[in-house]
Amino acid sequence: MITAIVSIDVEADKIPEAAETIVEIDGVTEVYSVTGDWDLVVVVRATNHDDLAEIIPNLISKVDGVIRTQTQLAFRTYSQHDLESAFSIGLE
């Protein structure tokens, strides 16, 4: 599984609508409204690079109000949440 983190600049008056549209795209697992230089940060998970090539430039980038995107690919995942879940199996 390939994980991409996509930072998105959106027209200010279209941020909520863009976020709602983007979260409905297959492969998008999370959409965060954030502070700073970007308006949204999106997590995309895909099985291959061809899927990412479809999801990011052909779907996310064409959502109404999206001005630009910047994509980073994750090499490894370090998640406290995942570690806690793995060690708590059967301890409930």
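Basis of the calculations
- Residues numbered from 1 in each chain as written.
- Predicted model: local features only at pLDDT ≥ 70, side-chain atom pairs only at ≥ 80, totals over all residues.
- Heavy atoms only, no water.
- Core = buried A, V, L, I, M, F, W, Y, C linked by side-chain atoms within 4.5 Å.
- Buried < 20%, exposed > 50% of the residue type's maximum accessible area, 1.4 Å probe, protein only.
- Helix = DSSP H or I, 4+ residues; strand = E, 2+ residues; numbered from the N terminus.
- Contact = heavy atoms within 4.5 Å.
- Pairing = 2+ DSSP bridges.
- Axes fitted to C-alpha atoms, helices over the stretch in contact; angles between N-to-C directions.
- Salt bridge = Lys/Arg side-chain N within 4 Å of Asp/Glu carboxyl O.

Looking at an unreviewed UniProt entry, one finds the protein chain named Lrp/AsnC ligand binding domain-containing protein, with Corynebacterium amycolatum as its source organism.

Turning next to the nonpolar core. Grouped together as the largest cluster of nonpolar side chains are 21 residues, with contacts concentrated most on Ile8, Ile22, Val44 and Ile60. Elements with a contribution of two residues or more to this core: β1 (2-10), α1 (15-23), β3 (40-46) and α2 (49-58). The element best represented in this core is β1, accounting for five residues. In this structure, Ile22 is in contact with Ile8, Val28, Val31, Leu40, Val42, Ile60, Val63 and Val66, ignoring residues within four places of it in sequence.

Spatially, the four strands line up as an open sheet ordered β2-β3-β1-β4, and their pairing is antiparallel. The open sheet is flanked by β2 (28-33) and β4 (66-73), the only strands paired with a single partner. Going from strand to strand, the sheet's axes swing by 20° on average, the running direction of each strand aside. Bridge count between β1 and β3: seven bridges; the pairing is antiparallel. Bridged to Ile8 within β3 is Leu40.

So, about the pattern of salt bridges. When the charged atoms of two side chains lie near each other, side chains of opposite charge can form a pair. Summed over all chains, the structure comprises four salt bridges. Note that Lys14 and Asp64 form a salt bridge whose closest N and O atoms lie 3.4 Å from each other. Of the two residues, Lys14 is situated in the loop between β1 and α1 and Asp64 in the loop between α2 and β4; the sequence distance between them amounts to 50 residues. Bridged by salt links that share partners, the residues Glu11, Lys14 and Asp64 form one connected network.

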